[in-house]
Amino acid sequence: MGCEEKQETTKPSLRIQDIPVLMQDHCRMLDPSKVERIINEFVQGGPERMQLVSDFDYTITKQRTEDGSVVPSSFGIFNACQSLPDSFKTESDKLYHKYRPIEIDPHMPIPEKVQYMVEWWTKSGALATGFPFDQSEIDQIASKYKNALRDRTHEFFADLQRLGIPTLVFSAGLGNSVVSLLRQANVMHPNVKVVSNFLQFRNGLLDGFQQPMIHTFNKNETVLDGSEYYNLVHTRDHIIVMGDSLGDADMASGVPASSHIIKIGFLFEHVEANMDKYMKTFDIVLVDDQTMDVPRALLALIEKQHQLKQQATTQSTL
Ligand code: MG7
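Residues numbered from 1 in each chain as written. Predicted model: local features only at pLDDT ≥ 70, side-chain atom pairs only at ≥ 80, totals over all residues. Heavy atoms only, no water.

Participant: How should I be thinking about helix H6 (residues 135-143) in this particular structure?
Facilitator: Quick reminder: α-helices carry 3.6 residues per turn. Residues three or four places apart thus point the same way. Every buried residue of H6 is listed here: Glu137, Ile138, Ile141 and Ala142. Taken end-on, H6 shows its buried residues confined to a sector of 130°, consistent with a single buried face. Buried-residue contacts for H6 involve helix H3 (74-79), strand E3 (167-174), helix H8 (175-184) and strand E5 (199-202). (Buried < 20%, exposed > 50% of the residue type's maximum accessible area, 1.4 Å probe, protein only. Helix = DSSP H or I, 4+ residues; strand = E, 2+ residues; numbered from the N terminus. Arc of directions from axis to C-beta. Contact = heavy atoms within 4.5 Å.)

Pasting the structure below:
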């Protein structure tokens, strides 16, 4: 029957069961058929339509290390710098204890949280003002953690570079620490852009953070509107988003509605309590996965089809 024939020809060529990393026990999907459909779109669209948007803290760095040592956040790396005045550390801790519970409060509506977050980042910037500071201090501390990136991060960034996929590392943390760690891990390739809060200097002294402020709840492509990076990626409508917090899932919310997006969430803490929300928020939830294996597998499928297409074109022109 014609109808059956049609179904046969439109059947996706890749099936989720044939992608082993997605069949692992710790890899959960609420709607595997949606993931399958988008992977097929990605593979057909090729690398030219792809972009990657990733959070940094505990997304590019590990949530859990083999030896149990704790990985500091990008702000944590800054706070560990010896030359900061003692008052900076005590005041900054006070801010953390006041505002962090608000940031993660499950009951407060987001618009209400926003004003507190703006307050937190503003006060934190004001504390980081009026004393000398050298980037080499951050570099020295960051160098201890270049092995705390997820397993196969080096290979993953090499894949992204080889395929020419623009990669946005989006962090509401401290950009100076993010760039330092990525550089020292040799993954800061030309296709990688870090959008974050960077230290500002005036007359040789620290002067808070540069604008625009990136906080937990404005961390999406709307803060990039009209920027050089936006112009580079806004036609790339096939997007992989990666994060460890629920808010990270919105990082691509400034892109056109017609885009195809796969959201990958790394879940480590309070797995049972968080599972439901993570499953509803991310397309793929990875439980205690400290590797880049899943996003790499997606790129490998895209690259394989791309190579086949290239071979076919070469042969047809011979
Ligand atoms: N976060 C936000 N601020 C600070 C700060 O001034 N110090 C420290 N230690 N942490 C801060 O990576 C982004 C995360 O960093 C935290 C202004 C927030 O919890 C935010 O989600």
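Resuming the write-up.
Participant: Mind showing me how you'd approach the nonpolar core here?
Facilitator: Nonpolar side chains in soluble globular proteins generally cluster together in the buried interior. Judged by nonpolar contacts, the single largest core of 60 residues is most densely connected at Leu22, Ile39, Phe78, Ile240, Ile262, Ile264 and Ile284. The element best represented in this core is helix H11 (residues 293-317), accounting for 6 residues. Discounting chain neighbours no more than four positions away, the residues touching Ile284 are Leu22, Cys27, Arg28, Met29, Val35, Ile262, Lys263, Ile264, Gly265 and Val294. In terms of nonpolar packing, the next biggest core, distinct from the first, is built from 23 residues, Met213, Leu224, Val233 and Met251 among them. (Core = buried A, V, L, I, M, F, W, Y, C linked by side-chain atoms within 4.5 Å.)

Participant: For this particular structure, what's the right way to read the site of the ligand?
Facilitator: Taken together, Asp57, Phe75, Asn79, Tyr96, Arg100, Glu103, Trp120, Trp121, Ser124, Ala172, Gly173 and Thr216 make up the full set of residues near the ligand. The side chain of Asn79 places a nitrogen or oxygen atom 3.4 Å from a nitrogen atom of the ligand. Interatomic distance of 3.2 Å between a side-chain N/O atom of Arg100 and an oxygen atom of the ligand. About the coverage of the ligand: the protein hides 86% of its 460 Å² of free accessible area. For the shell around the ligand, the secondary-structure elements that each account for two or more residues are H3, helix H4 (86-104), helix H5 (110-127) and E3. (Near = heavy atom within 4 Å. Polar contact = N/O pair within 3.5 Å; in protein donor to acceptor, adjacent residues only side chain to side chain. Areas by Shrake-Rupley, 256 points an atom, 1.4 Å probe, with all protein chains shown as cover.)

Participant: Help me understand H11, please; the structure alone is not making it clear to me.
Facilitator: With 25 residues, H11 extends 36 Å from end C-alpha to end C-alpha; this agrees with the ideal 36 Å at 1.5 Å per step. Along its buried surface, H11 packs onto helix H2 (32-45), strand E2 (50-54), helix H7 (153-162), strand E7 (238-243), strand E8 (260-267) and strand E9 (284-287). (Expected span 1.5 Å × (residues − 1).)

Participant: What should I look at first to understand the pairing of E5 in this one?
Facilitator: Across a regular strand the side chains alternate sides, sitting on one face of the sheet and then on the other. Here E5 runs beside strand E6 (residues 205-209); their pairing, made up of 3 bridges, is antiparallel. Looking at the pairing, Arg202 lines up with Leu205 of E6. Connecting E5 to the next strand, E6, in antiparallel fashion are 2 residues, including Asn203 with a positive phi near 50°. (Pairing = 2+ DSSP bridges.)

Participant: Would you take a moment to explain the packing of H7 against H11 for this structure?
Facilitator: When two helices pack together, you describe them by how their axes are tilted relative to each other and by the distance separating the axes. With their axes 10 Å apart at the nearest point, H7 and H11 run at an angle of 30° to one another. When the axis of H7 is compared with that of H11, the two are roughly parallel. Every pair of crossing elements has a handedness; the one defined by H7 and H11 is left-handed. In contact with Glu155, Phe156, Asp159, Leu160 and Arg162 of H7, H11 contributes Pro295, Arg296, Leu299 and Glu303. When its residues are assigned to classes, the contact of H7 with H11 shows 4 nonpolar, no polar and 5 charged. (Axes fitted to C-alpha atoms, helices over the stretch in contact; angles between N-to-C directions. Parallel < 35°, antiparallel > 145°, perpendicular 65-115°, else oblique. Left-handed = near helix turned anticlockwise from the far one by under 90°. Nonpolar A, V, L, I, M, F, W, Y, C, P; charged D, E, K, R; others polar.)

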